[in-house]
Amino acid sequence: MAPPLIQLKDIALTFGGTPLLSGVELSVSAGERVCLVGRNGSGKSTLLKIAAGLVEPDRGTRFVQPGATVRYLPQEPDFSGLATTLAYVEAGLGPGDDRYQARALLEQLGLDGDEDPARLSGGEARRAALARVLAPAPDILLLDEPTNHLDLTTIEWLEQELAGRRAALVMISHDRRFLGNLSRSTIWLDRGQTRRIERGFSAFEAWRDEVLAEEEREQHKLDRKIVAEEHWLRYGVTARRKRNVRRLGALHALRAARRSYRGAAGNATLTAAAADRPGSLIIEADRIAKSYDGRPIVSDFSIRITREDRIGIIGPNGSGKTTLINLLTGALAPDEGTVRLGTNLAMATLDQHRESLDPNETVADALTGGRGDTVMIGGQPKHVIGYMKDFLFAPEQARTPLGVLSGGERGRLMLARALAKPSNVLVLDEPTNDLDLETLDVMEEMLGDYAGTVILISHDRDFLDRVVSAVIAPEGDGRWVEYAGGYSDMLAQRGADLSRPAAMRPKAPKEPLETKAAAPIEARATKRRLSFHQKHALETLPKTMRELQAKVRSLHDRLDDPGLYARDSKTFDALSAALAAAQTEVAAAEEKWLELEVLREEIESG
């Protein structure tokens, strides 16, 4: 095995009372591709900073092979004292590095080098930071959330760029597909310690679940052993003093092991507060258009969104995703065309602008609005500490200023505020940013169970494949096309990747987006069709209706017993309530099926 380029041994670090890192090991050799995974707040970013030499641990050693170059990508780059993005990138070059690479990489990433760092968007800042760490062609790249704020096309460009480099990689990311495509080894940072497997991220989650299950079995055995020894202490002590003293000492050791055990962190409890049921139509846009300074952002776009649809909007940064979602939700008026909103809509919105959070405000005040110690969840009061626990905040964090929260903690806080509002339509802008993988899993389950409609913007390919039933993608010149299924389905139907109008050349703000779509795609843009979710409902609803009707008949048969009420009035009341609920479900299923059947006939005849 090749000698390590960088090695951390027995690293320990404590913030407050609980050790953040305890005996941590990290070793990376030339050409290795390592992903570092763990829960939000587990110390991943801190460990990467120790590896970069930016944080001094309480204990342990750091070794970097003489002559090896290391570059570190932080989550929040520091542009202070630098006038342009080119100056920022060049400041990261070493004495013998090729200065041409600074401008070349900026141009590949859609920047011209003259941008003022103070005016950069989140995506532009991330691209400039990537150019700074890639330009020197280092031996070791330490990347903390490299895909944050990047659009899909830039993420895919970054994957190809990193795959073609010889540098050793250590990556932290919430993007499953990015990690799966690049990693060859996985280090799991859990409760202050590291475990490593020589397999990529794709094998991690099954391995982690096995480890936690085995740990749970061992703790169960320990608990049983303590119970047995305590029983002996009460009833089985004999006169053999030496043996008894040893056994009592062993019992104390078992109890100490149980007390010192740190269980795995639980999962967040994500539940969206429900509003009243809306009508079947949520949004209908007919040939809408919007332009800015003569540049078409949305052109001749039509869509019909119905109850329980899951719509994903994708595209390069600057392609108009936020504009499109604002047009569809009625927040922005179109220049042409009409948008019709359904009845009884209650929208809850999550945006990606976490800088709007007041850094001096506390977690509790951010959730309650500074009004007492209760949060209104769907119109019902809940104590703020209890609601914080649902989103994995410890009670002692209630008075923590938002400015010291990690990126993942800020993400969970924004999510907590959005989900507290009663809704039947969720509008989510980059909901996955900074969330750990376990919280992502819970969010996917919550969105799958959500009784309303979901419209989201995301650059997470795996998340899109798991959650949405249709994808809206840009085709240039303001044209947008709806594809059935998730991101992978979109690629299969489209036959090509998304174009990168702003990422392969310097920006030209006044030029229209590059047109890449062919004529058949243009025709497809205006053709109405059933979404994947609607097709599935049409196929499965008849069976659902038959099952519900059988349930109604069975309940009727039981209630037809003339002596039931006299014998057991409680059972009679329960059966009556169940019958009313089943009849309501039958009516709703029949209404949904009829609506979809009418829509299918309209599409086929049109």
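Here is what the cut-offs are and how they apply
Residues numbered from 1 in each chain as written. Predicted model: local features only at pLDDT ≥ 70, side-chain atom pairs only at ≥ 80, totals over all residues. Heavy atoms only, no water. Helix = DSSP H or I, 4+ residues; strand = E, 2+ residues; numbered from the N terminus. Buried < 20%, exposed > 50% of the residue type's maximum accessible area, 1.4 Å probe, protein only. Contact = heavy atoms within 4.5 Å. Areas by Shrake-Rupley, 256 points an atom, 1.4 Å probe, with all protein chains shown as cover. Pairing = 2+ DSSP bridges. Axes fitted to C-alpha atoms, helices over the stretch in contact; angles between N-to-C directions. Parallel < 35°, antiparallel > 145°, perpendicular 65-115°, else oblique. Nonpolar A, V, L, I, M, F, W, Y, C, P; charged D, E, K, R; others polar. Phe/Tyr/Trp six-rings, centres within 6.5 Å; stacked < 30°, edge-to-face > 60°. Lys NZ or Arg CZ within 6 Å of the ring centre and 35° of its normal. pLDDT = per-residue confidence, 0-100. Polar contact = N/O pair within 3.5 Å; in protein donor to acceptor, adjacent residues only side chain to side chain. Salt bridge = Lys/Arg side-chain N within 4 Å of Asp/Glu carboxyl O.

Q: Give a detailed account of the overall build of the chain, specifying residues and quantitative values.
A: Secondary structure assignment for the chain yields 19 helices and 20 strands. Expressed as a percentage of the 606 residues in the chain, the buried residues total 48%. Look at the contacts in the chain between residues 6 or more apart in sequence, and 70% of them connect residues 24 or more apart. Surface exposure of the chain reaches about 28800 Å², of which carbon and sulfur atoms provide 51%.

Q: Describe the pairing of strand β12 (residues 310-313), with residues and values.
A: Burial of the side chains of β12 extends over both faces: Arg310 and Gly312 are buried on one face and Ile311 and Ile313 on the other. Bridge count between β12 and strand β18 (residues 453-457): 4 bridges; the pairing is parallel. Pairing of Ile311 across the sheet is with Ile455, part of β18. Direction of pairing for β12 relative to strand β19 (residues 470-476): parallel, over a ladder of 3 bridges. Across the sheet, Ile313 pairs through a bridge with Ile472, a residue of β19.

Q: Can you lay out the packing of helix α4 (residues 122-134) against helix α5 (residues 152-163) for me, pointing to particular residues and giving the numbers?
A: Across the interface, α4 lies against α5 with an axial gap of 13 Å and an inter-helix angle of 5°. Relative to α5, α4 is oriented roughly parallel. For the pair formed by α4 and α5, the contact residues are Arg127, Leu130 and Leu134 on the first element and Thr154, Trp157, Leu158, Glu161 and Leu162 on the second. Its residues assigned to classes, the contact of α4 with α5 comprises 5 nonpolar, 1 polar and 2 charged.

Q: Residue-level account of the packing of aromatic side chains, with values.
A: Two numbers describe a pair of aromatic rings. These are the distance of the centres and the angle of the planes. All told, the structure shown has 6 aromatic pairs when counted by the stated rule. Taken together, the aromatic side chains of Trp188, Phe201, Phe204 and Trp207 make up a single cluster linked through ring pairs. Sitting above the plane of the Tyr88 ring, Arg132 keeps its charged end 4.6 Å from the centroid.

Q: Run through the environment of Pro381, naming residues and quoting values.
A: Within the secondary structure layout, Pro381 lies in strand β16 (residues 380-383). Look at Pro381 and you get exposed, because its relative accessible area is 55%. Dropping the residues within four chain positions of it, Pro381 is found in contact with Val375 and Met376.

Q: I'd like a rundown of the sheet that holds strand β9 (residues 193-197), residues and numbers included.
A: Within the open sheet, the 6 strands sit side by side as β5-β6-β7-β3-β8-β9. Their pairing is mixed. Edge positions in the open sheet fall to β5 (70-73) and β9, since each of these has one partner strand only. Recorded for the sheet is a direction-independent mean angle of 15° between the axes of neighbouring strands. Sheet analysis places strand β8 (residues 185-190) next to β9, joined by 5 bridges and oriented antiparallel. In the sheet register, Trp188 faces β9, and the bridge partner there is Arg195.

Q: I'd like a description of the sheet that holds β18, backed by residues and values.
A: Read from one edge to the other, the open sheet built from 6 strands follows the order β14-β17-β18-β12-β19-β20, with strand pairing classed as mixed. At either end of the open sheet lies a strand with only one pairing partner, and these are β14 (347-350) and β20 (479-484). If you compare each strand with its neighbour and ignore which way they point, the axes differ by 20° on average. Lying on the sheet, helix α9 (residues 321-328) is in contact with β12, β17 (425-429), β18, β19 and β20; it crosses β18 at an angle near 155°. Along the sheet face, helix α12 (residues 407-420) touches β14 and β17 and points at about 175° away from the line of β14.

Q: Go over the confidence of the model for the chain, please, and point to the residues and values.
A: Averaged over every residue, the pLDDT of the chain is 82; the share at 70 or more is 82%. pLDDT under 50 marks residues 500-527. Its contacts with residues more than four places away, or in other chains, come to 53 contacts.

Q: Please provide a residue-by-residue account of the environment of Arg176, values included.
A: Here Arg176 lies in helix α6 (residues 176-182). Between the C-alpha atoms of Arg176 and Ser202, which are 26 residues apart in sequence, the distance is 8.1 Å. When neighbours within four sequence positions are excluded, Arg176 is seen to be in contact with Phe201, Glu205, Leu437, Leu440, Asp441, Glu444, Asp462 and Arg466. At a separation of 2.9 Å, a polar atom in the side chain of Arg176 contacts the side chain of Glu205.

Q: Tell me about the pattern of salt bridges, residues and numbers included.
A: Per the stated rule, a full pass over the model turns up 27 salt bridges. Across the pair Arg466 and Asp462 runs a salt bridge whose closest N-O atoms are separated by 2.5 Å. Linking Arg466 with Asp462, this pair stays in helix α14 (residues 461-467), spanning 4 residues, or about one helical turn. Members of the salt-bridge network, linked through shared partners, are Arg176, Arg177, Glu205, Asp441, Glu444, Asp462, Asp465 and Arg466.

Q: Quick rundown of the side chain of Ser423? Include the residues and the values.
A: Assignment of secondary structure puts Ser423 in the loop between α12 and β17. Overall, Ser423 belongs to the buried group, its relative accessible area being 3%. Within polar-contact distance, the side chain of Ser423 engages the side chain of Tyr450 at 2.8 Å.

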